[in-house]
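Examination of the molecular architecture
What follows is the residue order along each chain.
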Amino acid sequence: MDIPNLSFEFFPPKTPEGAVKLRAARQQLYAHRPQFCSVTFGAGGSTQDGTLHTVKEIAEEGVAAAPHLSCIGASADSIRNLLRRYRAEGIRRIVALRGDLPSGYGIGGEFHHARDLVAFIRAETGDWFHIEVAAYPETHPQARTPQDDLRHFAEKMRAGANSAITQYFFNSDAYFRFVDEVAAIGVDAPVVPGIMPITNASQLLRFSEVCGAEVPRWIRLRLQSFGDDRASILAFGREVVADLCDQLLAGGAPGLHVYTLNQAAPTLDLLRDLGGR
């Protein structure tokens, strides 16, 4: 199966050993010709230098790189300086996010919403950057209502974003409903599904609770039934996620954005499974 607009997400490694492993993982994944690779940004800017360094490496390897840029708690000058640095490196794509503050901080800085950041990037750099924003098919965990969440998404797009990447999910109906709902309010930009390979049951369930991603009951129960049987978890996870991707692509999703967690094998397995269908 030929997957259009395939992209991968990485996070900045924290150790020299992690950097070596990530370089090796990237080289394996590049064989699938990603449209771009994004690099996450820590809460409150905690991995700013790591993000920049990783983005530069990816660009030097001949692949388009897209740094995550979070704005909450940041000043206009700090964001302006980051935009200048990325532009100087020839980076043409940014993932613009509100972001979360480290524990113990209140809302501060000059930006309170992702739409403010998108508008600022456009005002500062014109059309230099392709701007990606986040989308939440199952509703942002901090949104007051699903309607508020849709309105906030539309505001980000109208502020100048080009396309969106979703939080991961395991129910294709949620994605297609979201796309239909944003189209109904006049947003027709591409919304690319974010895909999370299932490799660690406890980690997935814990992280999903935090970020508001719904793990359907049948998947949760099956994962819990495997206990510490990692082989069964991996086999079941591969089947679930490949089936999900099949449904998404068959239904017209414009691409796939895979959250690699800096590992090549789970993503390669997924792409191999899809390629054989």
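Read on for an overview of the structure. (Residues numbered from 1 in each chain as written. Predicted model: local features only at pLDDT ≥ 70, side-chain atom pairs only at ≥ 80, totals over all residues. Heavy atoms only, no water.)

A word on the sheet that holds strand β4 (residues 93–97)
Taken together, eight strands build a closed barrel; the order of strands is β1-β2-β3-β4-β5-β6-β7-β8 and the barrel is parallel. Sheet twist, expressed as the mean angle between neighbouring strand axes with direction ignored, is 30°. In terms of strand pairing, strand β3 (residues 65–70) meets β4 through three bridges, oriented parallel. Each bridged residue has a counterpart across the sheet, and for His68 the counterpart in β4 is Val95. (Pairing = 2+ DSSP bridges. Helix = DSSP H or I, 4+ residues; strand = E, 2+ residues; numbered from the N terminus. Axes fitted to C-alpha atoms, helices over the stretch in contact; angles between N-to-C directions.)

Here's the deal with the packing of aromatic side chains
Here the distance between the centres and the angle between the planes together describe a pair of aromatic rings. Evaluated as defined, the whole model comprises eight aromatic pairs. Look at Tyr168 and Phe207: their rings are 6.2 Å apart centre to centre, the planes differ by 20°, and that puts the pair in the stacked class. One end of the pair, Tyr168, is in strand β6 (residues 163–168); the other, Phe207, is in helix α7 (residues 201–211), and 39 residues separate them in sequence. For Tyr168, a relative accessible area of 1% gives the class buried. (Phe/Tyr/Trp six-rings, centres within 6.5 Å; stacked < 30°, edge-to-face > 60°. Buried < 20%, exposed > 50% of the residue type's maximum accessible area, 1.4 Å probe, protein only.)

Quick word on the pairing of strand β2 (residues 36–39)
Residues Phe36 and Ser38 line one face of β2 and the alternating positions Cys37 and Val39 line the opposite face, and both faces are buried. With four bridges joining them, strand β1 (residues 6–10) and β2 adopt parallel strand pairing. Residue pairing in the sheet places Glu9 in a bridge with Ser38 of β2. Crossover handedness for the path β1 to helix α1 (residues 16–30) to β2: right-handed. Where β2 and β3 come together, three bridges link them in parallel fashion. Across the sheet, the residue bridging to Ser38 is Ala66, located in β3. (Right-handed = clockwise from strand over helix to strand, strands pointing away.)

Remarks on the pairing of β1
The buried fraction of β1 amounts to five of the five residues, a majority that puts the element mostly inside the structure. Side-chain alternation along β1 places Leu6, Phe8 and Phe10 on one buried face and Ser7 and Glu9 on a second face that is also buried. Pairing analysis gives four bridges linking β1 to strand β8 (residues 256–259), with the strands arranged parallel. Pairing of Leu6 across the sheet is with Leu256, part of β8.

Concerning the nonpolar core
In terms of nonpolar packing, the biggest core is built from 84 residues, with Ile121, Phe153, Phe170, Ile195 and Leu256 touching the most fellow members. Considering each element in turn, this core owes the most residues, nine residues, to helix α9 (residues 230–250). Contacts of Phe170, omitting those with residues within four sequence positions, involve Met196, Ile198, Leu204, Glu214, Val215, Pro216, Ile219, Val240, Val241 and Leu244. (Core = buried A, V, L, I, M, F, W, Y, C linked by side-chain atoms within 4.5 Å. Contact = heavy atoms within 4.5 Å.)

Observations regarding the side chain of Arg93
Looking at the secondary structure, you find Arg93 in strand β4. Here His130 takes part through its side chain, which lies 3.3 Å from a polar atom of the side chain of Arg93. Within the structure, the side chain of Arg93 is placed 2.5 Å from the side chain of Glu132, a separation counted as a polar contact. (Polar contact = N/O pair within 3.5 Å; in protein donor to acceptor, adjacent residues only side chain to side chain.)

A few points about the environment of His68
Topologically, His68 is positioned in strand β3. Judged by its relative accessible area of 8%, His68 is buried. Expressed as a C-alpha distance, the spacing of His68 and Val241, which sit 173 residues apart in the sequence, is 25 Å. Ignoring any residue separated from it by four or fewer positions in sequence, one finds His68 in contact with Glu9, Ser38, Val39, Thr40, Phe41, Thr51, Val95 and Leu97. At 3.5 Å, the side chain of His68 and the side chain of Ser38 are in polar contact.

Observations concerning the side chain of Thr125
Relative to the elements of secondary structure, Thr125 occurs in helix α4 (residues 114–125). For Thr125, a relative accessible area of 11% translates into the label buried. There is a polar contact of 2.6 Å between the side chain of Thr125 and the backbone oxygen of Ile121. Setting aside residues no more than four positions away along its own chain, Thr125 makes contact with Leu83 and Arg87.

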